[in-house]
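Each chain, written out:
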Amino acid sequence: VMNAEKQAQEILAQEIRPVEKVETLNAFAGAAYVSNDYSGAKTLLMAALRLDPGCDATLRNMALLLHDMGERDKALQVAAKMRMADFMLLRELKR
């Protein structure tokens, strides 16, 4: 987890636009997710959501991550915050 927190801090400290920080945080979260580091992925996505709480892409990623972590109710709550309903996501979260 410390590694992910350090990564998040480094990304947030970069002299790039906030939208690019969100994209980078999501990319690193994706790498953590693929490596089955769900805790690290969650840390990075939380940082992205603090920067832009309404980002549908981050909300979608967080919903799927929470679902895979067994937090199904929380996953649906996160998905409900998306501006655009995503039926592919909702279908997956219902499983």
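Now for a description of the structure that goes with this document. Since the structure is predicted, the reported quantities are computational estimates derived from the model, not experimental observations. (Residues numbered from 1 in each chain as written. Predicted model: local features only at pLDDT ≥ 70, side-chain atom pairs only at ≥ 80, totals over all residues. Heavy atoms only, no water.)

## What about the pattern of salt bridges?
Part 1: Enumeration according to the criterion identifies six salt bridges in this entry.
Part 2: Residue Glu 20 pairs with Arg 17 through a salt bridge whose shortest N-O separation is 3.8 Å.
Part 3: Overall, the relative accessible area of 27% leaves Glu 20 in the partly exposed class.
Part 4: With a relative accessible area of 52%, Arg 17 lands in the exposed category.
Part 5: Salt bridges linked by common partners bring Lys 42, Glu 71 and Lys 74 together as one network. (Salt bridge = Lys/Arg side-chain N within 4 Å of Asp/Glu carboxyl O. Buried < 20%, exposed > 50% of the residue type's maximum accessible area, 1.4 Å probe, protein only.)

## Concerning the packing of helix H4 (residues 56–68) against helix H5 (residues 72–80)
Part 1: At a minimum axis distance of 8 Å, the contact between H4 and H5 shows a crossing angle of 170°. Classified by the angle between their axes, H4 and H5 sit roughly antiparallel to one another. Contacts from Leu 59, Met 62, Ala 63, Leu 66 and His 67 in H4 reach Arg 72, Lys 74, Ala 75, Val 78 and Ala 79 in H5.
Part 2: When the residues that make up the contact of H4 with H5 are grouped by side-chain class, the tally is seven nonpolar, one polar and two charged. (Axes fitted to C-alpha atoms, helices over the stretch in contact; angles between N-to-C directions. Helix = DSSP H or I, 4+ residues; strand = E, 2+ residues; numbered from the N terminus. Parallel < 35°, antiparallel > 145°, perpendicular 65-115°, else oblique. Contact = heavy atoms within 4.5 Å. Nonpolar A, V, L, I, M, F, W, Y, C, P; charged D, E, K, R; others polar.)

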